[in-house]
Amino acid sequence: MKTLAALRQSKFARDTAWLGLGKLAVTGLGFASTLIVMRVLGPSEYGLFALADSLVVLFSLVDVSGASTSTSTRLAAAAGADDRAEGERVLAYGVQASIATRGLVLALLLLGGVQFAAQAQGSAAVGVMAVLLAAAGPADALYGQLLLALQARRSMAAASAMQSINQAVLTVFIIVAVLAAPVAPALVVARLLYSHFTLLIMLVLYAHQRERGGYVLPSLGRTLRLALRQSPRAYWRFGLASAIDRNVASMMPTLIVQSVGAAGGPVAAGFLSFGMRAIAQLSVLSGALLDNLSAAVPQAVARGEYQRLWRIYLRLQAVVALAAGAFFGAAALSAPLLIPLLFRAQWGPAVPAFIVMCLYGVITTLGGNFGPLYRAFHMLYSAIGAKLAALAISLPVATLLIHDD
């Protein structure tokens, strides 16, 4: 009873619970859309979409602003120190940098994306779809910054509600699109429309929630005005390090999807992407803890609560290791039965990829929880070095295995 009472009184526990409920709703809705999309599109059409999506991620490696990490870490620290002026500058940099870099990615895809896809995948259509997906980038960027601002202030109930609404809108748009036209471009158009619709919802929610908390978040109007005139110099160095860290982490799966598509075609890329998407959706629940840590850790560091932070991390990682091992282990064991049953026999060849990706899910769940720590203590370059070493070892081996098969 004492433990339950302590949990009810802990803001960290309450925030994690709110985020967990939101992630649970996101997982359920995401599973519904995945089930319908996979059954309707099949491996070939979904593989084309996956190749277009990974092409956007590949071109997004030019984004070295680190806008998301800068906002989640530095705005949380500003909230912890009750520094409203710094919070305004941080969010202005996040909006400025994220929209500019998404615009750059779109421009690069317009200039060379179609030609790259035609050469690498033998399909110019993949490049055209990538351009359309990238056109949603600026709207996604502004949405993401406002959501991060709510999380950085630890308004987790509002953030959780918005994430659930976001996934509900995406699910409806995707299901309607693929049922109306069961081809990959329909999925792309749905994603484009959804991004702008959910941004409108976020603008309303942010305006309603901005002053509801101990720390008043910057107004959108002032943020946009600051973004137009503020120099990025004060925040870009931290952003650069966090962007390189993020890009290195996303490089491996992106390059593997493109390599599999080049070697085995859209169907092979579809099977691999199915495994990756399934693991991503199963990992959504652990994302509740990570989102909460991303806000709580910088605030604790800003207040100098180092011993308490260390004790919490040791306990959390022990619990997460046991839970992740059991969860992904059960998923791997049940995959040979459930995947063909739920998604039809056409997706049976994706089972081996999913089972291997379950181990990836355990590793990334544990490793991801250290991200808020090394960002809060500005240890990004050490993390980058570790990821580059892993990439240098694993990428050649993966490439050989792909082409040997």
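Residues numbered from 1 in each chain as written. Predicted model: local features only at pLDDT ≥ 70, side-chain atom pairs only at ≥ 80, totals over all residues. Heavy atoms only, no water.

Colleague: When you look at helix 13 (residues 351–368) in this model, what are you seeing that I'm missing?
Modeller: Along an α-helix, residues three or four positions apart point the same way, because every turn accommodates 3.6 residues. Taking 1.5 Å of rise per residue, 18 residues should cover 26 Å, and helix 13 covers 25 Å from first to last C-alpha, within 8% of that figure. Taken together, the buried positions of helix 13 are Val-351, Ala-353, Phe-354, Met-357, Cys-358, Gly-361, Val-362 and Thr-365. (Helix = DSSP H or I, 4+ residues; strand = E, 2+ residues; numbered from the N terminus. Expected span 1.5 Å × (residues − 1). Buried < 20%, exposed > 50% of the residue type's maximum accessible area, 1.4 Å probe, protein only.)

Colleague: Teacher, can you tell me more about the environment of Val-351 here?
Modeller: Along the polypeptide, Val-351 turns up in helix 13. Among the residues examined, Val-351 registers a relative accessible area of 9% and is labelled buried. Residues Val-351 and Phe-274 lie 77 residues apart in sequence; the distance between their C-alpha atoms is 9.2 Å. Once residues lying within four places of it in the same chain are set aside, the contact partners of Val-351 are Ala-335, Pro-336, Ile-339 and Pro-340. (Contact = heavy atoms within 4.5 Å.)

Colleague: Is there a simple way to explain helix 6 (residues 137–152) in this structure?
Modeller: In a regular helix each residue adds 1.5 Å, so 16 residues correspond to 22 Å; helix 6 covers 22 Å between its end C-alpha atoms and thus fits that length. Counting buried residues along helix 6, 13 of its 16 residues qualify, which places the element largely inside the surrounding structure. Taken from the residues just after helix 6, Arg-154 is the one with a positive phi, measuring 65°.

Colleague: Help me understand the packing of helix 6 against helix 7 (residues 156–180), please; the structure alone is not making it clear to me.
Modeller: The packing of two helices is summarised by the inter-axis angle and the distance between the axes. The N-to-C vectors of helix 6 and helix 7 enclose an angle of 150°; their axes lie 8 Å apart at closest approach. Regarding the angle of helix 6 to helix 7, the classification is roughly antiparallel. For the pair helix 6 and helix 7, the sense of crossing is left-handed. Residues Tyr-143, Leu-147, Leu-150 and Gln-151 of helix 6 form the contact with helix 7, whose own contacting residues are Met-156, Ala-159, Met-162, Gln-163 and Asn-166. The residue makeup of the contact of helix 6 with helix 7, split by class, is six nonpolar, three polar and no charged. (Axes fitted to C-alpha atoms, helices over the stretch in contact; angles between N-to-C directions. Parallel < 35°, antiparallel > 145°, perpendicular 65-115°, else oblique. Left-handed = near helix turned anticlockwise from the far one by under 90°. Nonpolar A, V, L, I, M, F, W, Y, C, P; charged D, E, K, R; others polar.)

Colleague: When you look at the environment of Ala-117 in this model, what are you seeing that I'm missing?
Modeller: Examined against the element boundaries, Ala-117 turns out to sit in helix 4 (residues 84–120). Judged by its relative accessible area of 1%, Ala-117 is buried. Taking C-alpha positions, Ala-117 is 8.4 Å from Ala-52, a pair spaced 65 residues apart along the chain. Those residues in contact with Ala-117 that lie beyond four places of it in its chain are Leu-55, Gly-122, Ser-123, Val-126 and Gly-127.

Colleague: Can you walk me through the pattern of salt bridges in this structure?
Modeller: In a structure, side chains of opposite charge can pair up when their charged atoms sit close to one another. A complete count under the given rule lists three salt bridges for this structure. Linking Glu-86 and Arg-89 is a salt bridge whose minimum nitrogen-to-oxygen distance equals 3.0 Å. With Glu-86 and Arg-89 both in helix 4, this residue pair falls three residues apart, about one helical turn. According to the relative accessible area criterion, Arg-89 is partly exposed, its value standing at 34%. A salt bridge links Arg-222 to Glu-88; its shortest N-O distance comes to 2.8 Å. Pair noted here: Arg-222 is in helix 9 (residues 220–229) and Glu-88 is in helix 4, with a separation of 134 residues, a long-range link. Taking the relative accessible area as the measure of exposure, Glu-88 reaches 17% and is therefore buried. (Salt bridge = Lys/Arg side-chain N within 4 Å of Asp/Glu carboxyl O.)

Colleague: Can you help me understand unusual backbone geometry in this one?
Modeller: Outside of glycine, negative phi angles account for most residues, and trans bonds account for most peptide bonds. The phi dihedral of Asp-82 is positive, around 55°, even though this residue is not glycine. Among the secondary structure elements, Asp-82 is positioned in the loop between helix 3 (67–80) and helix 4. The exposed category is assigned to Asp-82, whose relative accessible area is 52%.

Colleague: Any chance you could explain the packing of helix 6 against helix 8 (residues 184–209) here in plain terms?
Modeller: Between helix 6 and helix 8, the least distance of the axes is 9 Å, while the angle of their chain directions is 30°. Our classification of the angle between helix 6 and helix 8 gives roughly parallel. Note on packing geometry: the crossing formed by helix 6 with helix 8 is left-handed. Contacts between helix 6 and helix 8 pair Ala-139, Asp-140, Leu-142, Tyr-143, Leu-146, Leu-147, Ala-149 and Leu-150 from the former with Ser-195, His-196, Thr-198, Leu-199, Met-202, Leu-203, Leu-205, Tyr-206 and Gln-209 from the latter. Broken down by class, the residue content of the contact of helix 6 with helix 8 amounts to 12 nonpolar, four polar and one charged.

By themselves, these are just geometric observations and shouldn't be taken as functional.
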